[in-house]
Amino acid sequence: MSIHVASRTNRFLVFIWPALAVLLAAALWAATVVRADAEHARAESQARKDASAYAEAYEQYITRSVGQMDQVTMQLKFSWEKGRDAGLLDELRRDGMFTDGAFRAVAIVDRSGIVRASTRPALIGSDLSAGPYFVQHRNHISTALRIGAAPAGFAEPGELVLFTRRLDTRDDEFDGIVLMAVDARYFTSFVSPATLGMGGVVALAHREGRLRTEQRSDGAAFLDAGKRLLPADDSLWSSERGVRLVGGDGAVGFADGQARVLGWRHSSAYPLVALVALSHGAALAPSAAAWADGRDRAIAISACLLLLGAVGSVLARRAVLREREQEQVQRAYRTATESGNDGFYMAAAVRARDGSIADFRIVDCNERGAFFYGMTRATLVGSSLSQIDSALFGEALLDTYRKAMETGFYEDDRRMPLDNRLNISWGRRRLVRVGNGLAVTLQDISERKAHENQLERLANEDVLTGLATRHAFLNAMPDILAQARANEAGLALLFIDLDEFKHVNDSHGHAVGDQLLKSAAGRLLSLLRPSDQVARFGGDEFLVLLHPCEGERQAASVAARIVEAFAVPFLIADELHAVGASIGISMYPRDGQDAETLVRHSDIAMYAGKNEGKGQYRFFDPALSNSLNSRARLKQRMLEAIERDQFLLYYQPRVDARSGELLSMEALVRWQHPELGLVPPGEFIPLAESTGLIRRIGDLVIDKACAQLAAWREAGIVLVPVSINVSPKQFLRGGVQRHLSSAMARHRIPASLIEVEITESAMMGDHEEILAELAALRALGVKLHVDDFGTGYSSLSQLQRLRMDVLKVDRAFTMELGNSKEGKVFFQAIVSMAHALGMSVVAEGVETAEQLDILRALDCNEVQGYYIARPVPAPDMQAMMAQRFLLASSAGVPAGG
């Protein structure tokens, strides 16, 4: 019977096949083409979305990672500039920093380009001065982070990204750089090869072209331009963000000829571009496969219509092939999952009668996944999620699985519960709905999170004191100010500076200084409320935010309490150290609406109070800001004066007390401003001293004095020596001998025509350094004068050791002559002491004939002052040199009338 039925069926099919085959084939092929076009469009769109999403995630990763490098280099900069301790890096490594393999080298490079400290001992002593990063920092005062590729021939092998930052001296002069060399793979291993797909590329580029690094889906990473696939044309990603299809031809395509979907994002904080390129062919592979599958099905169905008798065997063979392919896929899946580091799970939904999900059952997993939960695969497979959930996660795990089933996809980073059974502390979960279940991937990111937490702690917590850093404090301020604004509450910001900390640090060493800072932080915290914010602002400066603060009275009370507490010496290493504190206070909202303004105003108030006397507090006054602005304008004008040669020299003669013969002259600097006229020294010298410009002005005076002597010599004038004042900062900094020797050689001035005047205060300090600098000057053959004697604290033994030639007595002692018997006696003692030490004596500030007569009677060698002559410009001084005798030899009347 079945044979007959089959026969009838075959005949029936033979008769109807021509018409039916044409109709069905046409419909089938039309549907196949439409579906293929839709799949192609969907795959194209999905590739663009994926490239854009990966680029955005990669940009966030790069910005966060580079931001952490930024904070680490800034912390290193502050730590080095504070102490310049060659063991700083070793200490930080012992504390757990830079242990990640990605940190190939961390180094401190001095102003000459020589590596002074490094986590790689082999780098120490290397000369990096030719590196573009070093040259840029040396030539630009900016302390911003510089990012670039390690140049060819860099001292540390490998493909590296260099993070560098300028180091400054206390006078904002270039002092070297901080250098961090990080493995380029650290920034390109963000996306796994499986995610990128075959032919995928992830890359990091610098907007200015100084860095281009990429990593391919096969794991290969390259900085070398000759090996990169990425197009050389930076204009392809010049916009802030975007996605485009880039071909593989010409200079604008990929080097391997493949077309790719390129997504990019510019970093919001750094001049970097995150790029992700997905293979266009791989992205369209599913649609191509769908088209091939549809075409095959159409052919197969058409063949079935023509060869109905072979349908059964064809379907059977296909079923067998599908089973074999499934087995191969399962074997490959098992091999991949068991050899990987990630945990894989297949969870099937268990539904209640109403269709809702009541639970999940683990139907498969790998051993790594079971290990994370402290089980074996045999134990975990078959277990319900509720059994695991109730013991470790409460209801959280089941809720997450339900959410993934609803949305089709879920991904997060999760901190695992603290339980001895778990072998993972942080995991990245990825749940994808597959039919009536979920495919779950769990990646162990515990080490990465620990590293991120360490970097965050270093950025936000001061290593020495444990207080908040300046960065963390200022980041928290906007939220605090917004809360105070909403509650109409007041705040007070206290800027605290330790008064004598530098003296303790210099005289007792950085170790004692560090202990003092720790103790100061502890004492400060003990004086405040839990709600108050405290931070170490830098060096020996602290910030305190009184939150809330009811007004000036409360702020003054806290500030007075702090001043009083810090007046008590600190006991460190069985020795008491007195420092004290000066405090500036700004009130919110009166003195500023933002953190930067409040900090600046409290800083201004603190310095104003310190200038009036240390160990006190002061509230901000707008007049203080005006004063600082005036000083800033005057400083800028002085800088312009140096550049435009507005400083000139006046000369005041020094004569023999008895004969009146001109013996020497003192060079005095004056400022001829085109608008202000002749600016008195009293207006600009103190500011030049406090800002450090006195060193440049002092070098200028040396050059001008030597040049003037050379000009007089060329004019045939009989010369007398010129004495040049050297400021304390010039002298203590060193280099006076080198600059003076250079100027004398350049203008061919003999040493007999140069005298150097050094104030008494400049010689107080490290005795060996003073002797060395004086010896260098004496070796030139110039005479050395002690200027303004009597205003400092020189001892007889110190004068004897320093071996000075001339003692210039301060005008204050000359003024006392004729006014009191004690003044004459004291001056006589100075003359006797100087003569006993083999020194000549010059009386400064001689203004009357009576003073001159007394000085002659006291056997004073030389005199200088308005009675002889006021400071005059070079032409008038030339006339005095021609006159030669400026006083009558017997009377006290100037020879010039």
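Along each chain, residues carry numbers from 1 onward, in the same order as the chain's sequence is written. For this predicted model, a pLDDT threshold of at least 70 governs which residues receive local features, and a threshold of 80 or more governs which side-chain atom pairs are given and counted, while totals over whole chains, interfaces and linings are taken from all residues. Only heavy atoms go into the side-chain values, all of them from the structure, while hydrogens and water stay out.

Q: What am I meant to see in the overall build of the chain here?
A: For the chain, the helix and strand inventory stands at 28 helices and 33 strands. Note on exposure labels: buried denotes an accessible area under 20% of the residue type's maximum, exposed denotes more than 50%, and partly exposed covers the range between, all computed with a 1.4 Å probe on protein chains only. Out of the 897 residues belonging to the chain, those deemed buried represent 47%. Note that accessible areas follow from Shrake-Rupley with a 1.4 Å probe, and for residues the cover is restricted to the protein chains shown. Working note: accessible area of the chain is about 42,900 Å², and carbon and sulfur atoms make up 53% of it. Runs of E in the DSSP output that reach at least two residues are strands. Runs of H or I that reach at least four are helices, and both are numbered from the N terminus.

Q: Would you explain the sheet that holds strand β14 (residues 409-415) in this entry?
A: Consider a sheet: its strands pair through backbone hydrogen bonds, and that pairing is either parallel or antiparallel. For two strands to pair, DSSP has to find at least two bridges joining them. Read from one edge of the open sheet, five strands run β13-β12-β16-β15-β14, paired in antiparallel fashion. In the strand order of this sheet, the two ends are held by β13 (357-365) and β14, each with one partner. Put simply, the sheet's adjacent strands are angled 25° from each other on average, direction ignored. In this sheet, strand β15 (residues 426-434) lies alongside β14 in antiparallel orientation, the contact comprising seven bridges. The residue of β15 that forms the bridge with F409 is V432. Residue contacts are counted whenever heavy atoms from the two residues lie within 4.5 Å of one another. For every element, the axis is a line fit to its C-alpha atoms; helices are fit only across the contacting stretch, and the angle between N-to-C directions ranges from 0 to 180 degrees. Contacts from helix α11 (residues 396-407) reach β12 (343-351), β13, β14, β15 and β16 (437-444) within the one sheet, and its direction differs from that of β13 by about 90°.

Q: Help me understand the packing of helix α14 (residues 501-508) against helix α15 (residues 510-526) in this model?
A: Each packed pair of helices is defined by two parameters, the angle between the axes and the distance between the axes. Direction vectors running N to C along α14 and α15 enclose 145°, while the axes themselves pass 6 Å from each other. Here F501, V504, N505 and H508 of α14 lie close against α15, whose contacting residues are H510, V512, G513, L516 and L517. Asp, Glu, Lys and Arg are counted as charged, while Ala, Val, Leu, Ile, Met, Phe, Trp, Tyr, Cys and Pro are counted as nonpolar; the rest, among them Gly, fall into the polar class. In terms of residue class, the contact of α14 with α15 is made up of five nonpolar, four polar and no charged.

Q: Explain the nonpolar core here, please?
A: Working definition of a nonpolar core: buried Ala, Val, Leu, Ile, Met, Phe, Trp, Tyr and Cys residues. They are joined through side-chain atoms within 4.5 Å. Counting residues in hydrophobic clusters, the biggest one holds 82 residues, and the most contacted among them are W712, I754 and V863. When residues in this core are grouped by element, the largest group, eleven residues, is from helix α20 (residues 693-714). Apart from the residues lying within four places of it in its own chain, the contact partners of I754 are C706, L709, V722, I724, L740, M744, I749, V782 and K783.

Q: What is the right way to read the environment of R185 from this model?
A: If you trace the backbone, R185 turns up in helix α4 (residues 185-188). C-alpha of R185 to C-alpha of L160: the two residues are 25 residues apart in sequence and 8.4 Å apart in space.

Q: Help me understand the pattern of salt bridges in this model?
A: Two side chains with opposite charge may pair up if their charged atoms get near one another. In the sections that follow, a salt bridge refers to a side-chain nitrogen of Lys or Arg positioned within 4 Å of a carboxyl oxygen of Asp or Glu. According to the stated counting rule, one finds 28 salt bridges in the structure shown. Taking the shortest distance from any N to any O, the salt bridge between R402 and D399 comes out at 3.6 Å. Taken as a pair, R402 and D399 lie in helix α11 at a separation of three residues, close to a single helical turn. On the accessibility criterion, R402 (27% relative accessible area) is partly exposed. Here R590 ties to E552 by a salt bridge, and the two come within 2.4 Å at their closest N and O atoms.

Q: Sorry, what's going on with the sheet that holds strand β3 (residues 146-149) here?
A: Strand order in the open sheet made by the five strands is β2-β1-β5-β4-β3, with antiparallel pairing throughout. The open sheet terminates on both sides in strands that have one partner only, identified here as β2 (115-118) and β3. Pairwise comparison of adjacent strand axes, ignoring direction, gives a mean angle of 25° for this sheet. Bridging between strand β1 (residues 103-110) and strand β5 (residues 174-183) involves seven bridges; their strand directions are antiparallel. Paired with D110 across the bridge in β5 is G176. Across the sheet, helix α3 (residues 132-139) is in contact with β1, β3, β4 (160-168) and β5; its angle to β5 comes to roughly 145°.

Q: Before we go on, may I ask you to explain the environment of R35 in this structure?
A: Looking at where R35 falls in the secondary structure, it is placed in helix α1 (residues 2-83). Under the relative-accessibility criterion, R35 is labelled partly exposed at 48%. The spacing of R35 and G294 is 259 residues in sequence and 8.5 Å in space, taken between C-alpha atoms.

Q: Looking at this structure, I do not really get the packing of aromatic side chains. What am I missing?
A: For any two aromatic rings, the description comes down to two numbers: the centre-to-centre distance and the angle of the planes. Only rings of Phe, Tyr and Trp enter the pairing, Trp through its six-membered ring, and a pair is recorded when the two centres are within 6.5 Å. The plane angle decides the type: under 30 degrees is stacked, over 60 is edge-to-face, the rest tilted. The final tally for this structure, using the stated rule, is eleven aromatic pairs. When the centroid spacing of 5.8 Å and the interplanar angle of 70° are considered together, the rings of F566 and F570 count as edge-to-face. Geometrically, the ring pair formed by Y617 and F619 is edge-to-face, given 6.3 Å between the ring centres and 85° between the ring planes. Three or more aromatic residues joined by ring pairs make a cluster, and in this case those are F647, W671 and F684. Taking NZ or CZ as reference, R523 lies 3.7 Å from the ring centre of F570, over its face. For a ring to carry a charge above it, either NZ of a lysine or CZ of an arginine must fall within 6 Å of the ring centroid while also lying within 35 degrees of the normal to the ring plane. Taking NZ or CZ as reference, R870 lies 4.0 Å from the ring centre of Y866, over its face.

Q: Sorry, what's going on with unusual backbone geometry here?
A: Both trends apply: most residues other than glycine have a negative phi, and most peptide bonds are in trans. Cis rather than trans, the peptide bond between H547 and P548 has omega equal to 0°. At the junction of Y588 and P589, the peptide bond is cis and its omega measures out at 5° in the coordinates. You can see P589 is positioned in the loop between β22 (581-588) and α17 (595-612). At R84, a residue that is not glycine, the phi angle is positive and equals roughly 50°. Here R84 lies in the loop between α1 and α2 (88-94). Taking the relative accessible area as the measure of exposure, R84 reaches 29% and is therefore partly exposed. With a phi angle near 55°, E488 is a residue other than glycine that sits in the positive phi range. Looking at the secondary structure, you find E488 in the loop between α13 (470-487) and β17 (491-498).

Q: Hey, could you run me through helix α27 (residues 849-857) in this one?
A: Residues spaced three or four apart along an α-helix face the same direction, because each turn holds 3.6 residues. Buried within α27 we find Q851, L852, I854, L855 and R856. On its buried face, α27 is in contact with α25 (811-816), α26 (821-836), β31 (840-843) and β32 (862-863). Immediately downstream of α27, the backbone of D859 shows phi near 65°, a positive value.

Q: Hey, could you run me through the pairing of β4 in this one?
A: Side chains on a regular strand alternate between the two faces of the sheet. Counting buried positions along β4 yields nine of nine residues, so the element is predominantly enclosed. Bridging between β4 and β5 involves nine bridges; their strand directions are antiparallel. Following the sheet pairing, V161 is matched in β5 by V182. Turn length for the β4-β5 hairpin, with the two strands adjacent in sequence and antiparallel, is five residues, and the turn residue D172 shows positive phi of about 60°.

Q: Looking at this structure, I do not really get α3. What am I missing?
A: Every buried residue of α3 is listed here: Y133, F134 and H137. Down the axis of α3, the buried set is contained in an arc of 100°. They therefore lie on one face. Against β1, β3, β4 and β5 lie the buried residues of α3. Throughout, the arc means the angular range of directions from the helix axis out to the C-beta atoms.

Q: Teacher, can you tell me more about the packing of α13 against α17 here?
A: In the contact formed by α13 and α17, the axes pass within 9 Å of each other and the chain directions differ by 110°. The angle between α13 and α17 places the two elements in the roughly perpendicular class. Listed contacts from α17 to L474, M477 and L481 of α13 are A595, L598 and V599. Taken together, the residues of the contact of α13 with α17 break down into six nonpolar, no polar and no charged. Oblique is the label for any angle not covered by the other classes, which are roughly parallel (under 35 degrees), roughly antiparallel (over 145) and roughly perpendicular (65 to 115).

Q: When you look at the pairing of β15 in this model, what are you seeing that I'm missing?
A: Summarising the sheet, β15 and β16 pair through eight bridges and their orientation is antiparallel. Across the sheet, the residue bridging to R433 is L438, located in β16. Hairpin connection between β15 and β16: a loop of two residues separates the two successive antiparallel strands, and G435 in this loop has a positive phi of roughly 60°.

Q: Would you mind showing me how to read the side chain of N366 here?
A: Considering the arrangement of structural elements, one finds N366 in the loop between β13 and α8 (367-372). N or O atoms closer than or at 3.5 Å make up a polar contact, with two conditions inside protein: a donor-capable atom paired with an acceptor-capable one, and, for residues adjacent in sequence, both atoms drawn from side chains. At 3.0 Å, the side chain of N366 forms a polar contact with the backbone oxygen of D342.

Q: Sorry, what's going on with the side chain of D540 here?
A: Take D540: it is sitting in the loop between β18 (533-538) and β19 (541-546). Here D540 is in contact with I496, D497, L498, F501 and L517, once residues within four sequence places are set aside.

Q: Before we go on, may I ask you to explain the confidence of the model for the chain in this structure?
A: A low pLDDT means the predicted coordinates there should not be read in detail. The predictor rates its confidence in each residue with pLDDT, a number between 0 and 100. Put simply, the chain has an average pLDDT of 81, and 85% of its residues get 70 or more. Put simply, helix α7 (residues 311-339) is where the chain has its lowest mean pLDDT, 59, and β32 is where it has its highest, 95. Low pLDDT, under 50, characterises residues 1-14; the predicted model gives this stretch four contacts beyond four residues in sequence or across chains. Taken together, the stretch residues 890-897 has pLDDT below 50 and engages in 19 contacts with residues farther than four places along the chain or on a different chain.

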